[in-house]
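Architecture at a glance
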Amino acid sequence: MKACLDSLRVLDLSRILAGPWATQLLADLGAEVIKIERPGEGDDTRGWGPPFVVGKDAGDVFAAYYLAANRGKKSVTIDFSKPEGRDLVTELAKSCDVVVENFKVGGLKRLGLDYEALSALNPRLIYCSISGFGQTGPYKDKPGYDLLVQAMGGLMSITGAADGEPMKVGVAVADIFTGLYATVAILASLNERRTSGLGQHIDLALLDVQIATLANAGMNYLASGKKPQRHGNAHANIVPYQAFATRDGHIVAAVGNDAQFARFVAILGVSELSSDPKFQRNADRVRNRAELLSILISKIRTWSKAELLRALDGEKIPAGPINEMNEVFEDPHVVARGLVVEQHLHDGGAATKLIGNPIRFSRTPIEYGGAPPRLGAHTEEILRRDLSMAVSEVNRLEEQGIVSKNRA
């Protein structure tokens, strides 16, 4: 069975996380992704460690950060700051469906690798530009990083304890969400191209995505004009919906409706709260949050974590433990869902564990292609196959520092 994106060709000029996250997802779905990297250095994240996974020998290492976002791609090293390297990238773009890049605004235009230049040669090309602040606007030339965008986009203002400092999320969610939006936009453009026969330019900004994903928190402000407050692990619109301390550890409980609340307080031995006008409806509980939580917290502290979770599960109340990473990946449900996959980073080596793709298709299951590639592992293959280049010509380009090939 062919993969969903079989025969799709993607030229990946991106690095770090947002762009590579999008192109890894496209690779998981069956696209051929040609990752263009700088000779000798490659994607910045190749050096973002420790931790590192050692490959064929002690000098062949893979940063865990790089492994997280580069599965299934082909690494081709080209210095396209040089005219001959630029020509190679241009030639590859002629036979690709998609280009993904995250250079500073205007950076690729100076090299003749912008949308206007490449679409003139390949009108069907879908060209996705990812930047911190977009291709237009007063901040367009400002460097964009996930931390900066979480701050400027409002996420940090609503994250963290009420009496603590604003906090970022533990992973780079602005980058990851932008990668997901990029994938959606690329697939939508591919579908539209079936009718028009034309590609188009996609302008995606991390700040735009961060603001779009404020979701109910952003709408709370637009609807009320009031700035949302930080609630720590609690929810702005639902009570009780947060972390609680038992006598031997922490759990979370997400009591999403009034019926669940009645069952919840019955378990805790305070069933009268469900008929109290101060707590009967969710809106009442939000208004009287502090008074209600003082009662619940004192009751929950008397339970053991395991006992309370069993009781809540028995009444179909959403609840669970706050797992450490080892507990996450050892969880029998996580194991059953196949969320850890193993790939070999080099021939004959031990398998390395990677986090798998969460999509489950009924007919075209995800088939993991190559492992995250060594730097330049596919340079000769792509140049010879796609550009009909002789081995001697590839060697000449390598001698001149325009391309590099992975060592044997």
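See above for the structure.
Only a predicted model underlies this, so the values are computations on that prediction, with no experimental measurement involved.

1. Quick notes on the packing of aromatic side chains
- Enumeration over the complete set of coordinates arrives at 4 aromatic pairs.
- Ring geometry for tyrosine 115 against tyrosine 127: centres 5.9 Å apart, planes inclined by 65 degrees, an arrangement best described as edge-to-face. In this pair, tyrosine 115 sits in helix α4 (residues 115-121) while tyrosine 127 sits in strand β7 (residues 126-131), placing the two residues 12 residues apart along the sequence. This pair shows no difference in class: tyrosine 115 is buried, exactly as tyrosine 127 is.
- Lying across the ring of phenylalanine 103, arginine 15 places its NZ or CZ 4.1 Å from the centre.
- The ring of phenylalanine 261 has arginine 285 lying over it, and the distance from NZ or CZ to the ring centre is 4.3 Å.

2. Let's talk about helix α3 (residues 83-94)
- Relative to the 16 Å expected for 12 residues at 1.5 Å per residue, α3 spans 17 Å between its end C-alpha atoms, a close match to the ideal helical length.
- Considered for burial, the residues of α3 that qualify are Gly85, Leu88, Val89, Thr90, Leu92 and Ala93.

3. Side note on the nonpolar core
- Grouped together as the largest cluster of nonpolar side chains are 29 residues, with contacts concentrated most on Val10, Val98, Cys128, Ile130 and Ile186.
- For this core, the secondary-structure elements that each account for two or more residues are α1 (18-28), β6 (98-101), β7, α6 (173-196), β8 (201-205) and α7 (206-212).
- Apart from residues lying up to four places away in sequence, isoleucine 130 is in contact with Ala18, Gly19, Val100, Glu101, Asn102, Phe103, Thr178, Ala182, Leu204 and Leu206.
- Leu13, Phe80, Leu113 and Ile402 belong to the second largest nonpolar core, which has 26 residues in total.

4. Comments concerning the sheet that holds strand β14 (residues 403-404)
- Across the sheet, which stays open at both edges, the 7 strands sit in the order β8-β7-β6-β1-β2-β5-β14 with mixed pairing between neighbours. The open sheet terminates on both sides in strands that have one partner only, identified here as β8 and β14.
- One ladder, built from 4 bridges, connects strand β1 (residues 9-13) with β6; its direction is parallel. Of the residues in β6, the one forming a bridge with leucine 11 is valine 99.
- Those strands touched by α1 are β1, β2 (32-37), β5 (73-78), β6 and β7, and its axis lies near 160 degrees from that of β1.
- Packed on one face of the sheet, α6 meets β6, β7 and β8 and runs near 160 degrees to β7.

5. Thoughts on α1
- Most of α1 is tucked away, with 10 of its 11 residues classed as buried.
- Looking at α1, one finds that the buried residues are Ala18, Gly19, Pro20, Ala22, Thr23, Gln24, Leu25, Leu26, Ala27 and Asp28.
- Directly beyond the C-terminal end of α1, a positive phi value near 110 degrees is found at glycine 30.

6. Thoughts on a nonpolar patch on the surface
- Judged by side-chain polarity, Met325, Phe329, Val340 and Ile355 come together as a nonpolar surface patch covering roughly 390 Å² of accessible area.
- Structurally, phenylalanine 329 can be placed in helix α13 (residues 325-330).
- Residue phenylalanine 329 is classed as partly exposed on the basis of its relative accessible area of 36%.

Conventions and cut-offs
- Residues numbered from 1 in each chain as written.
- Predicted model: local features only at pLDDT ≥ 70, side-chain atom pairs only at ≥ 80, totals over all residues.
- Heavy atoms only, no water.
- Phe/Tyr/Trp six-rings, centres within 6.5 Å; stacked < 30°, edge-to-face > 60°.
- Helix = DSSP H or I, 4+ residues; strand = E, 2+ residues; numbered from the N terminus.
- Buried < 20%, exposed > 50% of the residue type's maximum accessible area, 1.4 Å probe, protein only.
- Lys NZ or Arg CZ within 6 Å of the ring centre and 35° of its normal.
- Expected span 1.5 Å × (residues − 1).
- Core = buried A, V, L, I, M, F, W, Y, C linked by side-chain atoms within 4.5 Å.
- Contact = heavy atoms within 4.5 Å.
- Pairing = 2+ DSSP bridges.
- Axes fitted to C-alpha atoms, helices over the stretch in contact; angles between N-to-C directions.
- Patch = residues over 30% accessible without salt bridge, like charges linked within 9 Å, V, L, I, M, F, W, Y side chains within 5 Å.
- Areas by Shrake-Rupley, 256 points an atom, 1.4 Å probe, with all protein chains shown as cover.
- Salt bridge = Lys/Arg side-chain N within 4 Å of Asp/Glu carboxyl O.

From the geometry alone we can't say anything about function, so treat these as descriptive.
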